[in-house]
Amino acid sequence: MGVTLAKGGNVSLTKEAPGLTAVSVGLGWQARTTTGADYDLDASALLCGPTGKVISDQHFVFFNNLSSPDGSVQHTGDELAGGTGDDDDETINVDLSLVPAEVAKIVFPVSIYEADTRGQTFGQVRNAYIRVVNRADGRELARYDLTEDASTETAMLFGELYRYGSEWKFRAVGQGYASGLRGIALDFGVNV
């Protein structure tokens, strides 16, 4: 079991696993209540430069763009019926050794697909988490369980991997957006 983080907390992944070269970022959740429509939560990754904006629109990895141009970040695919078990609902693999030098951080938002039309928010989601796993041995290095009530939010930044000198660190973010994935994408400079 890795380090369990509170909102805003961070951990050096490099110190937790010396020689770390690749991680899987697993995201999971369960629907608390339902309006009759299934919940389809979508994990994404934004590869950002030092300014905090995406390097390019192609550096926005999500269900319609499963890989960054350099192949360092790979989305394993959209899970349309997530929230059914205790395992990760969606996974994004990051090869830290291939991440371009101009990438300062990789941000991991999760959004509810068609939240407005379906009348769904994160207030109806429970047991949401993000975890970072060492791909070499399958060991969980860090985990953040989201606990706050997000009754108006349709998207959330769960966490971020970031460079700190020669280290890779992970920060638990837990910031909600009422404007969905579009709002997050616009904030990070993606042309939508």
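In case you missed it, the structure is sitting above this.
The rules behind these values
- Residues numbered from 1 in each chain as written.
- Predicted model: local features only at pLDDT ≥ 70, side-chain atom pairs only at ≥ 80, totals over all residues.
- Heavy atoms only, no water.
- Phe/Tyr/Trp six-rings, centres within 6.5 Å; stacked < 30°, edge-to-face > 60°.
- Helix = DSSP H or I, 4+ residues; strand = E, 2+ residues; numbered from the N terminus.
- Buried < 20%, exposed > 50% of the residue type's maximum accessible area, 1.4 Å probe, protein only.
- Pairing = 2+ DSSP bridges.
- Axes fitted to C-alpha atoms, helices over the stretch in contact; angles between N-to-C directions.

*Asks:* Honestly, the packing of aromatic side chains in this entry has me stumped. Any pointers?
*Replies:* Each aromatic ring pair is described using two quantities: the centre-to-centre distance and the angle formed by the ring planes. Using the criterion set out here, one finds four aromatic pairs in the structure. Consider the rings of Phe63 and Tyr113, whose centres lie 6.0 Å apart with planes at 90 degrees: the pair is edge-to-face. Highlighted residues: Phe63 in the loop between β6 (60–61) and β7 (73–75) and Tyr113 in the loop between β9 (105–112) and α2 (115–118), separated in sequence by 50 residues. Aromatic pair Phe122 and Phe158: ring centres 6.2 Å apart, planes at 65 degrees, arrangement edge-to-face. On the criterion of sequence distance, the pair formed by Phe122 in the loop between α2 and β10 (125–134) and Phe158 in strand β12 (residues 155–164) is long-range, its members being 36 residues apart. One exposure class covers both Phe122 and Phe158, and it is buried. Site record: aromatic cluster; members linked through ring pairs are Phe60, Phe62, Phe63 and Tyr113.

*Asks:* I'm lost on the sheet that holds strand β3 (residues 22–31) in this one. Help?
*Replies:* Whether parallel or antiparallel, the strands of a sheet pair through hydrogen bonds between backbone atoms. Read from one edge of the open sheet, six strands run β1-β11-β10-β3-β8-β7, paired in mixed fashion. Looking along the sheet, the strands with just one partner apiece sit at the ends: β1 (3–5) and β7. Neighbour-to-neighbour, the strand axes of this sheet turn through a mean angle of 15 degrees, independent of strand direction.

*Asks:* Explanation requested: unusual backbone geometry in the structure shown.
*Replies:* What you tend to see is this: most non-glycine residues have negative phi, and most peptide bonds are trans. Phi angles above zero are rare outside glycine, and Glu114 is one such case at about 50 degrees. Within the secondary structure layout, Glu114 lies in the loop between β9 and α2. Overall, Glu114 belongs to the partly exposed group, its relative accessible area being 40%. A positive phi is found at Asn127, a non-glycine position, where the angle reads about 55 degrees. Residue position: Asn127 is located in strand β10.

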